[in-house]
Amino acid sequence: MTTSPYPRPPFRRLRALTFDPSLDLRLESAVVNRLTIQVPWEVNVAGKEILEPGPVGEYLEVVDIDPASGMVYEPVDLDDPHLLAQDGLSPSPGNPQFHQQMVYAVAMNTIRHFELALGRRALWSPRRYRDDSGEWQEEYVQRLRVYPHALREANAYYSPGRKALLFGYFPARPSDPGRMMPGSVVFTCLSHDIVAHETTHALLDGMHRRFLEPSNPDVLALHEAFADIVALFQHFSYPEVLRHQIARTRGDLRSDNLLAQLAQEFGQAIGRHGALRDALGGPDPDTGRWVAKEPDPNEIHRTLEPHARGAILVAAVFEAFLSIYRERTADLFRIATGGTGVLPPGDIHPDLVERLAQEASKSADHILRMCIRALDYCPPVDLTFGDYLRALITADRDLVPDDRREYRIAVIDAFRRRGIYPLDVRTLSEESLVWQEPSQADQREFSEALRSATRLRDLFPVWNLDSNREQIFEQNRHARQEIHRWLTSPPLPRAVRAAGMTLDARDPRTIYRKRGLPALEVHSVRPALKVGPGGRTMTDLVVEITQRRRGYFDEKQQERLESGRSRLPEPDFMFRGGCTVIIDLETGKVRYCIGKGISSERRLDAQRRFLKEPWNPSLRFTYFGEDQTFFRGDDELPPEPFALLHRDDPVGAL
């Protein structure tokens, strides 16, 4: 684009589908199924506009190649004056260029939600490779590739190996031909929910690489649940659809509504009666009629499939949102009903619709930011739903100490009603759930290693929403090396022990070693800038340290190897320990050490039992391979962990 004398707009407006093409064909939903998304007007640090045809920008590269048909589609140029004048292409399921525009707009909007919640630029997970000496190295990945027509199947997934999102298309086979034409082509790239879901997988992998390793039933389930949570709560950022659904439900968002549903067209196309997933309920298998689902605290104990298990967590978070929304709107209903709480028959007043929509939007935004911020408060390995609950409560209390509206109570209660409890607390009080600060003795050990807040701040001169992302990546690499050096040269075993790790040569022999001592990986170093409702700001440094240990299915073999002197054979699975250290950058004080110890025999046994269970043969093959081993020895993930996990199956999965 040529240089203009006029001010650059802060946003680019692009038309997209609010849900998916199926809602365009229904009279009651067509009116709200088209929206205009505001995405940042992309420029580099030098102020140069960088969006190229594709679109290809700072974060994303849309590559429209269809291997099944051998087609290469012309890339859309969103800087074309005709498209700029009309907010991009009009939604059209038959236009590949609109498909390109759709995936770009929704993915960029998802990235923006993450960055605003965390106060920093998003990075994709690096590309890992072995150098000539056999050491693992990391390569900066600027852009996530997005393939709108990559697969001719009912599937879409994030590929950690390719650093790409791959979307499929397929002929519909609906159970109800009256709702969808059999054989009509369904494009997963035209589902707002699917695009947001897959982009979230990539963003989460950029923060937590080890969350792809299923060491317990919750790890993959949380990956799926979190992607659903982000997709669901993005519905509430669109005023038109929000007002429409509040008017239709008369303000009762606990009833059947589009806001709580994901991937309607996909669900119907693979033979379901309704959406692929619904946070509130679903169709009765016999009648096809929607019914609300009551919380069952025992369901989590009998549910292992990642999507079904993740749906329990999604339902808990959505119920917490509904409780917050109901508390925020109680006065409006009292005013509208003269204190009875019972609305008269008929449509509710447009002014009431507007006010209810405002409160629903604020509540959803609070919950979404709360969920994203909690990612910095999670242990870096072996995450459980209970850990995530503690992270939610701690992150929110740090930023909003005075919980006058009792939002955290709503979250705790919703988790309790679904049987989600942390294993290491005695009560579900807020005080018990918050991660505990290190003892004074541990603080002294950390002070010896970290020395001063100034030295910590120097690790990251700048990492905010305007920073150069490649510079950030290099700063992160340098910061990891520096903190590793502070802890190990010379070794500071007491400081490492305070973080839940070990540098003691006497610890189990199966822990991987370097120069005779247990090896440490400083996995990530990143700042977290948080702004509270009253303008209160906090800046922390989040440091993740991990270790690995050889695991064996034979417990007696494991015991012999721990104390023996024979050569250690290849492991059956990889067992990891890790700790997230959160440091106040103003004072240099360590506020939390959130860890999973590498020497824990209880966790090792739990992971062994979990991996030996024949809980899902197809998923087991995806992760363990033909010989049923799990990441044996080379410390590298399988390249496509989501490919089979997201394939159309009886559970229905994206």
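Residues numbered from 1 in each chain as written. Predicted model: local features only at pLDDT ≥ 70, side-chain atom pairs only at ≥ 80, totals over all residues. Heavy atoms only, no water.

Asker: Honestly, the confidence of the model for the chain in this entry has me stumped. Any pointers?
Answerer: Atomic detail in the predicted coordinates should be set aside for any region of low pLDDT. The predicted model of the chain averages 88 in pLDDT, with 92% of residues at 70 or higher. Overall, residues 616-633 carries pLDDT values under 50, and its contacts beyond four positions in sequence, including any with other chains, amount to 50 contacts. Within the model, pLDDT remains below 50 along residues 648-653, and this stretch shows 17 contacts once partners closer than five positions in the same chain are excluded. (pLDDT = per-residue confidence, 0-100. Contact = heavy atoms within 4.5 Å.)

Asker: Just to check I follow, could you spell out the side chain of R591 for this structure?
Answerer: Examined against the element boundaries, R591 turns out to sit in strand β21 (residues 590-596). Taking relative accessible area as the criterion, R591 reaches 11% and is therefore assigned buried. In this structure the side chain of R591 is engaged in a polar contact, spanning 3.5 Å, whose partner is the side chain of Y377. (Helix = DSSP H or I, 4+ residues; strand = E, 2+ residues; numbered from the N terminus. Buried < 20%, exposed > 50% of the residue type's maximum accessible area, 1.4 Å probe, protein only. Polar contact = N/O pair within 3.5 Å; in protein donor to acceptor, adjacent residues only side chain to side chain.)

Asker: Explain the sheet that holds strand β19 (residues 537-551) to me, please; I cannot follow it from the model alone.
Answerer: Spatially, the 4 strands line up as an open sheet ordered β18-β19-β20-β21, and their pairing is antiparallel. Because the sheet does not close on itself, it has two edges, and the strands there are β18 (521-531) and β21. Across the sheet, the mean angle separating the axes of adjacent strands is 15° when strand polarity is ignored. Sheet analysis places β19 next to strand β20 (residues 573-584), joined by 12 bridges and oriented antiparallel. The residue bridging R548 from the neighbouring strand is R576, located in β20. Where helix α18 (residues 601-612) meets the sheet, it contacts β19, β20 and β21, and its direction lies at approximately 130° from that of β20. (Pairing = 2+ DSSP bridges. Axes fitted to C-alpha atoms, helices over the stretch in contact; angles between N-to-C directions.)

Asker: Sorry if this is basic, but what is going on with the packing of aromatic side chains here?
Answerer: We describe a pair of aromatic rings using the distance from one ring centre to the other and the angle between the two ring planes. On inspection of all chains with the given rule, the structure shows 13 aromatic pairs. Between F170 and F266 the ring centres are 5.4 Å apart and the planes differ by 70°, which places this aromatic pair in the edge-to-face class. With F170 in strand β10 (residues 164-171) and F266 in helix α7 (residues 264-269), the pair connects residues that are 96 residues apart, well separated along the chain. Assigned by exposure class, F170 and F266 land together as buried. An angle of 65° between the planes, with centres 4.8 Å apart, marks the rings of F236 and F321 as edge-to-face. Here F236 is found in the loop between α5 (218-234) and α6 (239-249), whereas its partner F321 is found in helix α8 (residues 306-337), with 85 residues between them in sequence. (Phe/Tyr/Trp six-rings, centres within 6.5 Å; stacked < 30°, edge-to-face > 60°.)

Asker: Looking at this model, I keep getting lost on the nonpolar core. Mind explaining?
Answerer: It is characteristic of soluble globular proteins that their nonpolar side chains tend to be buried jointly. If you look at the biggest cluster of nonpolar residues, it comprises 143 residues, and the most contacted ones within it are L60, F233, F236, F318, F321, I367 and Y388. With residues near it in sequence (within four places) discarded, F318 still touches L232, F233, F236, L259, A260, A279 and L280. In terms of nonpolar packing, the next biggest core, distinct from the first, is built from 33 residues, F446, L459, F460 and L520 among them. (Core = buried A, V, L, I, M, F, W, Y, C linked by side-chain atoms within 4.5 Å.)

Asker: When you look at the pairing of strand β8 (residues 144-151) in this model, what are you seeing that I'm missing?
Answerer: Side-chain positions along a regular strand alternate between the two faces of the sheet. With respect to burial, β8 is a largely interior element, 7 of its 8 residues being buried. Pairing analysis gives 3 bridges linking strand β3 (residues 60-62) to β8, with the strands arranged parallel. Counterpart to L60 in the pairing with β8 is L144.

Asker: Would you mind going over the environment of L253 with me for this structure?
Answerer: The topology assignment puts L253 in the loop between α6 and β12 (261-262). C-alpha separation for the pair L253 and A360, spaced 107 residues apart in sequence, amounts to 9.2 Å. Not counting residues up to four positions away in its chain, the partners in contact with L253 are F236, I246, L259, L280, F321, L322, Y325 and A360.

Asker: Explanation requested: the environment of L399 in the structure shown.
Answerer: Checked against the element boundaries, L399 lands in helix α10 (residues 385-399). Sequence-distant contacts of L399, defined by excluding residues within four places in its chain, comprise R373, K530, V531, G532, R536 and M538.

Asker: Would you explain the pattern of salt bridges in this entry?
Answerer: For side chains bearing opposite charge, pairing can occur when the charged atoms are close. Counted according to the given criterion, the structure contains 52 salt bridges. The closest approach of N and O atoms between D382 and K596, which form a salt bridge, is 4.0 Å. Here D382 is found in the loop between α9 (350-373) and α10, whereas its partner K596 is found in strand β21, with 214 residues between them in sequence. Grouping residues by exposure puts D382 and K596 together as buried. (Salt bridge = Lys/Arg side-chain N within 4 Å of Asp/Glu carboxyl O.)

Asker: Is there a simple way to explain helix α17 (residues 555-563) in this structure?
Answerer: Residues separated by three or four positions in an α-helix point in the same direction, a consequence of the helix having 3.6 residues per turn. Of all the positions in α17, only Q558, L561 and E562 are classed as buried. Buried residues in α17, looked at end-on, bunch into an arc of 105°, giving them a common side. More than 90 degrees from the buried face of α17, the exposed residues found are K556, E559, R560 and S563. On its buried face, α17 sits against β19 and α18. You can read the cap of α17 off the contacts: a side-chain oxygen lies 2.9 Å from the backbone nitrogen of K556, and it is on D554. (Arc of directions from axis to C-beta.)

Asker: I keep staring at α18 and nothing clicks. Help me out?
Answerer: With 12 residues, α18 ought to run about 16 Å at 1.5 Å a step, and its terminal C-alpha atoms sit 16 Å apart, in line with that. The complete set of buried residues in α18 reads R603, L604, Q607, R608, F610 and L611. Down the axis of α18, the buried set is contained in an arc of 165°. They therefore lie on one face. (Expected span 1.5 Å × (residues − 1).)

Asker: Is there a simple way to explain unusual backbone geometry in this structure?
Answerer: Peptide bonds are mostly trans, and most non-glycine residues show a negative phi. Omega for the peptide link from G54 to P55 comes to -5°, which places this bond in the cis form. When you line up the elements, P55 lands in the loop between β2 (34-40) and β3. Here the amide bond leading from S489 into P490 is cis, since omega sits at 0°, within 30 degrees of zero. Within the secondary structure, P490 sits in the loop between α15 (469-488) and α16 (493-498).

Asker: Honestly, the packing of α5 against α8 in this entry has me stumped. Any pointers?
Answerer: Packed helices, taken two at a time, are described by the angle between their axes plus the distance between the axes. The geometry of α5 relative to α8 is characterised by a closest axis approach of 7 Å and an angle of 45° between their N-to-C directions. Relative to α8, α5 is oriented oblique. In this structure, α5 crosses over α8, and the sense of that crossing is right-handed. Contact residues: D218, L220, A221, L222, E224, A225, D228, I229, L232 and F233 in α5; P306, H307, R309, G310, L313, V314, V317, F318 and F321 in α8. Taken together, the residues that form the contact of α5 with α8 break down as 13 nonpolar, 2 polar and 4 charged. (Parallel < 35°, antiparallel > 145°, perpendicular 65-115°, else oblique. Left-handed = near helix turned anticlockwise from the far one by under 90°. Nonpolar A, V, L, I, M, F, W, Y, C, P; charged D, E, K, R; others polar.)

Asker: Got a minute to help me understand the state of the cysteines in this structure?
Answerer: Working definition of a disulfide: a covalent bond connecting the sulfur atoms of two cysteines. The full count for this structure, using the stated rule, is 0 disulfides. C371 supplies the cysteine sulfur nearest to C378, a cysteine that is in no disulfide, at a spacing of 10 Å. Judged by its relative accessible area of 0%, C378 is buried. As a non-bridged cysteine, C593 has C579 as the owner of its nearest cysteine sulfur, 4.5 Å distant. Judged by its relative accessible area of 22%, C593 falls in the partly exposed class. (Disulfide = S-S within 2.5 Å.)

Asker: Whenever I open this one, the pairing of β18 confuses me. Can you help?
Answerer: Most of β18 is tucked away, with 8 of its 11 residues classed as buried. Relative to β19, β18 runs antiparallel, the two being bridged by 10 bridges. Bridge pairing links E521 to T546 in β19. The antiparallel pairing of β18 with β19 creates a hairpin that spans 5 residues between the two strands, and G535 there sits at a positive phi of about 90°.

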